Amino acid sequence: MGEKNLAKESICKWHKKDIEKNLQALIKLVNKPRFVCGNCGRSANSKKNLCKPIQIKKTKAA
Ligand SMILES: [Zn+2]
């Protein structure tokens, strides 16, 4: 139950308890999502936090 460096891991691999205990850390990783996981449907700011990252294309404001 030690302090893992979850920020360096794929959030796809976080366990439920990790999410509960590190909610604030998780929010920092996903608050400005630029990538979506093609596997799990999660989104994150950094592709390193997803197991199958796909860049979210910016839609230009019309
Ligand atoms: Zn994933």
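Cut-offs and rules
Residues numbered from 1 in each chain as written. Predicted model: local features only at pLDDT ≥ 70, side-chain atom pairs only at ≥ 80, totals over all residues. Heavy atoms only, no water. Helix = DSSP H or I, 4+ residues; strand = E, 2+ residues; numbered from the N terminus. Contact = heavy atoms within 4.5 Å. Core = buried A, V, L, I, M, F, W, Y, C linked by side-chain atoms within 4.5 Å. Buried < 20%, exposed > 50% of the residue type's maximum accessible area, 1.4 Å probe, protein only. Pairing = 2+ DSSP bridges.

### A word on the environment of Ser 46
In step 1: By the secondary structure assignment, Ser 46 is in the loop between β2 (43-44) and β3 (53-55).
In step 2: Note: C-alpha distance between Ser 46 and Ala 25 (21 residues apart in sequence) is 13 Å.
In step 3: For Ser 46, the residues in contact, after removing those within four places along its chain, are Leu 29 and Phe 35.

### Details of the nonpolar core
In step 1: Membership of the largest hydrophobic core is limited to 10 residues, which are Leu 6, Ile 11, Cys 12, Trp 14, Leu 26, Leu 29, Phe 35, Cys 37, Ala 44 and Leu 50.
In step 2: Where this core is concerned, the elements lending two or more residues are α2 (23-30) and β1 (35-37).
In step 3: With sequence-adjacent residues up to four places away left out, Ala 44 is seen in contact with Ile 11, Leu 29, Val 30, Pro 33, Arg 34, Phe 35, Asn 49 and Leu 50.

### Section: the sheet that holds β3
In step 1: Pairing in this open sheet of 3 strands is antiparallel, and the strands run β2-β1-β3 from one edge to the other. The outermost strands of the open sheet, each flanked by one partner alone, are β2 and β3.
In step 2: Relative to β2, β1 is paired through 2 bridges, and the arrangement is antiparallel. Along β2, the bridge assignment pairs Val 36 with Ser 43.

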